[in-house]
Amino acid sequence: MIEQQRQEYLKAMGITSWYSRYSLAHALPSNPLLWTDVSTSSISQIEADDTKRVDFQETGSSAATSLPNLHGFLHTPKRSEEKRSLQNQTVVLSQQLKSVINTDESPSQDLINNQQVESKNKATDLSSAQPVSSRQPVPTFRLAVCTCQDALIITDLPYSSREGFTKQHQSLLMNILAALNWSVSLKDINIFSWPFTHQQMIDQHRQIALDALSRYLDCHYDYNNHTNILLLGRDAAEFTLNADKPFEQLRGKQKVNNDKQRIVVTYSIDELLKIPQYKRETWADLVTLVAEQ
C-alpha cells in the first residue's frame, strides 16, 4: 500500500501515527515533529499523564539529554483502560466510515443509467469501427531514384538490405546509360522506402503508398517533365504506374497519354547483378529507345 494512502485511511479512522524516538548522548537535537489536527487540550492532557509516568534520571553527565515534550504524545497509552477506550473509538469510527461508504458514496440510479447508456454507445462505436486486423495489407518496397541528363531512373533495391545504392549498382547503371548513348553522370540519388514508419496505428495501405510515391516524384524530380523514364524492377513499375499486371506483361515500352514521354520497364539493377542472364532480355527492352533516337 502507498504510504500516503495508508495515512489517509488512518486519519479517517482517527488513528494517529506514532514513532519511537530516543535521545542519544552527545547527539544534536532533532527537529520537532509538528502534528496537525490535534487540539491543545489533548496534548496538555497527554503531557501531564506522561510526566507522572516517566522518571528522568541523571546519568552523572551534563551532556545527558531528555526526551522532547511530545514524548507522551508519540507513544500509545500503556494502561488497559486507555487502550480499551481507543479500541472502542476505533470500532465506532470504522462503523461510521462503512456507513458513509454504503450511503453517501453509493451511485444513484440516474448515474447507473447514464453509465449503461455510455457503455452501449462505446460498444456500438467499437463494432462500427474497422478493426486493425481487417485493414488492407501494407506493401513493403525500397526504390533508388536518380537522374541523368537524358532520363529519370527508378530501380528496385532489396528491402532488407542496408547497403543502399552501392558503387556496383551505380557502375552497372552507368554502363547501361553509355550503351544508350546517354549521359553517365548520375545526380540526385535518393532512397524511397515504404512503409515510412512501423507504427500499426497509421494506415499505410497500397493506395496511400501510390499517392505518396507520386507526390514524392512530382515534388523532387518533376516527373511529368522528363522525356525518358526507366522503371527498373517490379516495384518500380507497379507503384509508379499503378499497374496490377504481372511483371512480364509490363516489360518494354509503355503507352502513356503524354506523347513526349517514353517509359520503359525492365529488370532492376540489383537483379542484373545477381542474375547476369537477365542482361540480354534487359537490352531487348531498352533497344527501342535507341531505335527512336
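Attention in this report is confined to the structure presented alongside it. The structure presented is a predicted model; accordingly, all values stated were derived computationally and were not measured.

Topic: the overall build of the protein chain
Counting its secondary structure elements, the protein chain contains ten helices and six strands. Buried residues in the protein chain amount to 28% of all 293 residues. Contacts in the protein chain between residues at least 24 apart in sequence constitute 65% of all its contacts with a sequence separation of at least 6. When the accessible surface of the protein chain is split by element, carbon and sulfur atoms take 51% of a total near 20300 Å².

Notes on unusual backbone geometry
W194 connects to P195 through a cis peptide bond whose omega is 5 degrees. By secondary structure assignment, the location of P195 is in the loop between β3 (187-194) and α6 (206-221). Of note, the phi angle at D188 is positive, near 55 degrees, even though the residue is not glycine. Judged by its relative accessible area of 48%, D188 falls in the partly exposed class.

A short note on helix α7 (residues 234-241)
All buried positions along α7 are accounted for by A236, A237, F239 and T240. Positive phi shows up at N242, right after α7, with a value of about 55 degrees.

Description of the packing of aromatic side chains
For the structure shown, the criterion picks out eight aromatic pairs. When the ring of Y267 is compared with that of Y278, the centres are 4.1 Å apart and the planes differ by 10 degrees; the resulting orientation is stacked. With Y267 in the loop between β6 (262-266) and α9 (269-274) and Y278 in helix α10 (residues 278-291), the pair connects residues that are eleven residues apart, well separated along the chain. Overall, Y267 belongs to the buried group, its relative accessible area being 4%. Overall, the relative accessible area of 23% leaves Y278 in the partly exposed class.

Considerations on a nonpolar patch on the surface
A cluster of nonpolar side chains, contributed by F196, M201 and I202, occupies part of the molecular surface with about 350 Å² of accessible area. Inspection of the secondary structure puts F196 in the loop between β3 and α6.

A short note on the side chain of T166
Along the chain, the position of T166 falls in the loop between β2 (151-156) and α5 (167-179). By relative accessible area, which is 14% here, T166 ends up buried. There is a polar contact of 3.2 Å between the side chain of T166 and the side chain of Q168.

Topic: the sheet that holds strand β1 (residues 141-147)
The strand order across the open sheet formed by six strands is β3-β1-β2-β4-β6-β5, and the pairing between neighbours is mixed. Each edge of the open sheet is held by one strand with a lone partner, namely β3 and β5 (252-254). On average, adjacent strands in this sheet sit at an angle of 20 degrees to one another, irrespective of strand direction. Sheet topology note: the β5/β6 ladder contains three bridges and is antiparallel. Residue Q254 lies in a different strand from β6, and its bridge partner there is I263.

Scoring rules and cut-offs
- Residues numbered from 1 in each chain as written.
- Predicted model: local features only at pLDDT ≥ 70, side-chain atom pairs only at ≥ 80, totals over all residues.
- Heavy atoms only, no water.
- Helix = DSSP H or I, 4+ residues; strand = E, 2+ residues; numbered from the N terminus.
- Buried < 20%, exposed > 50% of the residue type's maximum accessible area, 1.4 Å probe, protein only.
- Contact = heavy atoms within 4.5 Å.
- Areas by Shrake-Rupley, 256 points an atom, 1.4 Å probe, with all protein chains shown as cover.
- Phe/Tyr/Trp six-rings, centres within 6.5 Å; stacked < 30°, edge-to-face > 60°.
- Patch = residues over 30% accessible without salt bridge, like charges linked within 9 Å, V, L, I, M, F, W, Y side chains within 5 Å.
- Salt bridge = Lys/Arg side-chain N within 4 Å of Asp/Glu carboxyl O.
- Polar contact = N/O pair within 3.5 Å; in protein donor to acceptor, adjacent residues only side chain to side chain.
- Pairing = 2+ DSSP bridges.
- Axes fitted to C-alpha atoms, helices over the stretch in contact; angles between N-to-C directions.

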